[in-house]
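One letter stands for each residue in the lines below.
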Amino acid sequence: ERLRDAAPHRQEEVAVRNKLALVYVGLLARDYPTRWPSAWTDLLVLLDTGPALVDMFLRICTIFDQELISEEVPRSEEEQQR
């Protein structure tokens, strides 16, 4: 019974983390390197604070790849030039 009660909270927590990573990637796409040149460094410095930040870093890297790098996702010429 406890597992059943905890499961939705865990799924919600994962969804929130994924959304936060998506927002960070959106900011990277918009502001790096012109307005936020230290964006990656700011993130890397936090890795020493614990596993939760390592998890966020990996989520950000995964979403960064999916949204901006991967050629598996069709993109317009304008998007490819960024």
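Residues numbered from 1 in each chain as written. Predicted model: local features only at pLDDT ≥ 70, side-chain atom pairs only at ≥ 80, totals over all residues. Heavy atoms only, no water.

A.B. asks: Account for the overall build of the chain, naming residues and giving values.
C.D. replies: For the chain, the count of helices and strands is 4 helices and 0 strands. Each helix and strand of the chain, placed in order from N terminus to C terminus, yields the pattern α-α-α-α. Here the chain, with 82 residues, has 20% of them falling under the buried criterion. Summarising the internal contacts of the chain: among those between residues at least 6 apart in sequence, 48% fall at separations of at least 24. (Helix = DSSP H or I, 4+ residues; strand = E, 2+ residues; numbered from the N terminus. Buried < 20%, exposed > 50% of the residue type's maximum accessible area, 1.4 Å probe, protein only. Contact = heavy atoms within 4.5 Å.)

A.B. asks: Account for the packing of aromatic side chains, with residues named and values stated.
C.D. replies: Following the criterion strictly, the structure yields 2 aromatic pairs and no others. Ring centres 5.2 Å apart and planes at 85 degrees place the aromatic pair Trp-40 and Phe-64 in the edge-to-face group. Taken together, the positions of Trp-40 in helix H2 (residues 39-45) and Phe-64 in helix H3 (residues 51-69) put the pair 24 residues apart, joining distant regions of the chain. Overall, Phe-64 belongs to the partly exposed group, its relative accessible area being 21%. (Phe/Tyr/Trp six-rings, centres within 6.5 Å; stacked < 30°, edge-to-face > 60°.)

A.B. asks: Run through the confidence of the model for the chain, naming residues and quoting values.
C.D. replies: For the chain, the average pLDDT comes to 85, and 82% of its residues sit at 70 or higher. By mean pLDDT, the top-scoring element of the chain is H2 (94), and the lowest-scoring one is helix H4 (residues 77-81) (68). (pLDDT = per-residue confidence, 0-100.)

A.B. asks: Explain the side chain of Arg-59 to me, using residue names and the numbers behind them.
C.D. replies: Mapped onto the elements, Arg-59 comes out in helix H3. Residue classification places Arg-59 among the buried positions, given a relative accessible area of 16%. The contact partners of Arg-59, leaving out residues within four places of it in the chain, are Val-14, Arg-17, Asn-18 and Ala-21.

A.B. asks: Lay out H3 in plain terms, naming residues and giving numbers.
C.D. replies: When the terminal C-alpha atoms of H3 are compared, their 25 Å separation across 19 residues agrees well with the 27 Å that a helix rising 1.5 Å per residue should span. Buried within H3 we find Met-56, Phe-57, Arg-59, Ile-60 and Ile-63. One side of H3 holds all its buried residues, which, seen down the axis, span an arc of 165 degrees. (Expected span 1.5 Å × (residues − 1). Arc of directions from axis to C-beta.)

A.B. asks: Got a sec to walk through the nonpolar core? Specific residues and values, please.
C.D. replies: Residues Ala-21, Tyr-24, Val-25, Leu-28, Ala-39, Trp-40, Leu-43, Met-56, Phe-57, Ile-60 and Ile-63 constitute the largest nonpolar core, which totals 11 residues. Those elements that provide at least two residues to this core are helix H1 (2-31), H2 and H3. When residues no more than four places from it in sequence are discounted, the contact partners of Ile-63 are Asn-18, Ala-21, Leu-22, Val-25 and Leu-68. (Core = buried A, V, L, I, M, F, W, Y, C linked by side-chain atoms within 4.5 Å.)

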